[in-house]
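Listed below are the residues making up each chain.
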Amino acid sequence: MENIKKIVGIEAAKFVKDGMIVGLGTGSTAAFFVEELGRRVAQENLQITGVTTSSVTSEQAKRLGIALKDIDDVAYIDLTVDGADEVDLDLNGIKGGGAALLMEKIVATYSKDYIWIADDSKMVKHLGAFPLPVEVVTFGSGQVFRLFETLGFNPRLRVDANDVAVVTDMGNYIIDLHMKEIKEPQRLAKLLDETVGVVEHGLFNDMVKTVIVGSADGNVKIITNNL
Ligand SMILES: O=C(CO)[C@H](O)[C@H](O)COP(=O)(O)O
């Protein structure tokens, strides 16, 4: 599995050209992309500026000598490459397994181009087997939780190994919705967008144009969606 992640990470790095402002995703797959960019910066003198999607990725990029800028200090981002937790046939996806969905969605929104990298186990017919992360403000989060229960969304507050609620880089909680199958991702996204107390959710509908998918035999497929 690590090998597939590495292959797609390296493949995605080929889309990065000199001078670009690059959005750096979060997670174990995106980490291979960032690592490859770091290699190219060091060995090929690649000139890029990174905009990161989490504190973890910021640390990795700094270690690798990738120049970083705050999202508000760039006019736009040329290309963002990130991982995904699930991707359906329309290239809608679930993200946020690494609790970085809010920063990831903001960086993606201000990117001219957006690519996901994934192994083929993440490609699904319908979203929802992977619990959908929803980032909520801590104040009133219990009320939002109960609302999700009432709606039959099977919510669980995300906790760490010590059973302490996970707090995101933006200071919020994550409620994971164990829905099994999301039949209408657009409709659910609208409902979550309109729920007071929800900051952002992990449904990334109609956002990505290209998904680079790797399989165990080393095969790499580039799937595109003409949005
Ligand atoms: O959305 C994310 C983090 O919030 C990740 O991109 C997603 O969880 C995939 O991670 P991994 O590559 O480790 O499977």
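Structure: see above.
Summarised in this report is the structure supplied together with it. None of these values were measured; they are calculated from a predicted model. Residue positions within a chain follow its written sequence, with the count starting from 1. pLDDT decides what is reported in this predicted model: residues at 70 or higher carry local features, side-chain atom pairs at 80 or more are listed and counted, and totals for whole chains, interfaces and linings draw on all residues regardless. Only hydrogens and water are removed before side-chain values are computed, so all heavy atoms of the structure are retained for them.

## Concerning the overall build of the protein
In terms of regular secondary structure, the protein is built from six helices and 13 strands. Relative to the 2.2 N^0.38 estimate, which gives 17 Å for 227 residues, the radius of gyration of the protein is 17 Å and therefore close to what a compact globule would have. Dimensions along the principal axes, computed over C-alpha positions, put the protein at roughly 55 × 35 × 35 Å. Think of it in three bands: with a 1.4 Å probe and only protein chains considered, a residue is buried below 20% of the maximum accessible area for its type, exposed above 50%, and partly exposed in between. Within the protein, the fraction of its 227 residues that count as buried is 50%. Here the contacts in the protein between residues at least 6 apart in sequence split such that 72% fall between residues at least 24 apart. Reported accessibility uses the Shrake-Rupley method at a 1.4 Å probe radius. Residues are deemed covered only where the shown protein chains occlude them. When the accessible surface of the protein is split by element, carbon and sulfur atoms take 51% of a total near 11000 Å². Residues scored as positive are Lys and Arg, those scored as negative are Asp and Glu, and His as well as the terminal groups of each chain are ignored. Charge placement uses NZ in Lys and CZ in Arg. For Asp and Glu, CG and CD serve respectively. For the protein, the centre of its 23 positive side-chain charges and the centre of its 33 negative side-chain charges are spaced 2 Å apart. Counting from the N terminus, the helices are the DSSP runs of H or I reaching at least four residues and the strands are the DSSP runs of E reaching at least two. When we talk radius of gyration, it's over C-alpha atoms, and the globule rule is simply 2.2 Å times the number of residues to the 0.38. Pairs of residues are marked as contacts when any of their non-hydrogen atoms sit within 4.5 Å.

## A look at the sheet that holds strand β6 (residues 111-119)
Spatially, β2-β1-β3-β6-β12-β13 is the arrangement adopted by the six strands of the open sheet, whose pairing is mixed. Pairing within the sheet leaves two strands with one partner each, and these edge strands are β2 (49-52) and β13 (220-224). Here the strands of the sheet are splayed against their neighbours by 20° on average, with no regard to which way each runs. In this description, strands pair whenever DSSP reports at least two bridges between them. By the bridge criterion, four bridges tie strand β1 (residues 21-24) to β2 in an arrangement that is parallel. Looking at β2, one finds that Ile21 is bridged to Thr49. Each of β3 (77-83), β6, β12 (210-214) and β13 touches helix α1 (residues 2-13); the most contacted strand, β12, lies at about 145° to it. A fitted line through C-alpha atoms represents every axis, and for helices the fit uses only the stretch in contact; the resulting angles, taken between N-to-C directions, go from 0 to 180 degrees. Seen against the sheet, helix α4 (residues 101-109) touches β1, β2, β3 and β6 and runs at an angle of roughly 130° to β6.

## Observations concerning the environment of Val144
When you line up the elements, Val144 lands in helix α5 (residues 141-150). Sequence-wise, Val144 and Ile175 are 31 residues apart; in three dimensions their C-alpha atoms are separated by 9.1 Å.

## Describing unusual backbone geometry
A positive phi angle, near 55°, is found at Asn154, a position not held by glycine. Structurally, the position occupied by Asn154 is in the loop between α5 and β8 (155-157). Although it is not a glycine, Asp206 adopts a positive phi angle of roughly 55°. Looking at where Asp206 falls in the secondary structure, it is placed in the loop between β11 (203-204) and β12. Here Asp206 falls in the partly exposed class, since its relative accessible area comes to 45%.

## Concerning the nonpolar core
One finds Val16, Val22, Leu24, Phe33, Leu37, Ile48 and Ile66 to be the most contacted residues of the largest nonpolar core, which totals 20 residues. Secondary structure elements with two or more residues in this core: α1, β1, α2 (28-44), β3 and β6. With four residues, the single largest contributor to this core is α2. Aside from chain neighbours lying at most four places away, what touches Val16 is Val22, Phe33, Leu37, Arg40, Leu46, Ile48 and Leu79. We call a set of buried Ala, Val, Leu, Ile, Met, Phe, Trp, Tyr and Cys residues a nonpolar core when their side-chain atoms join them within 4.5 Å.

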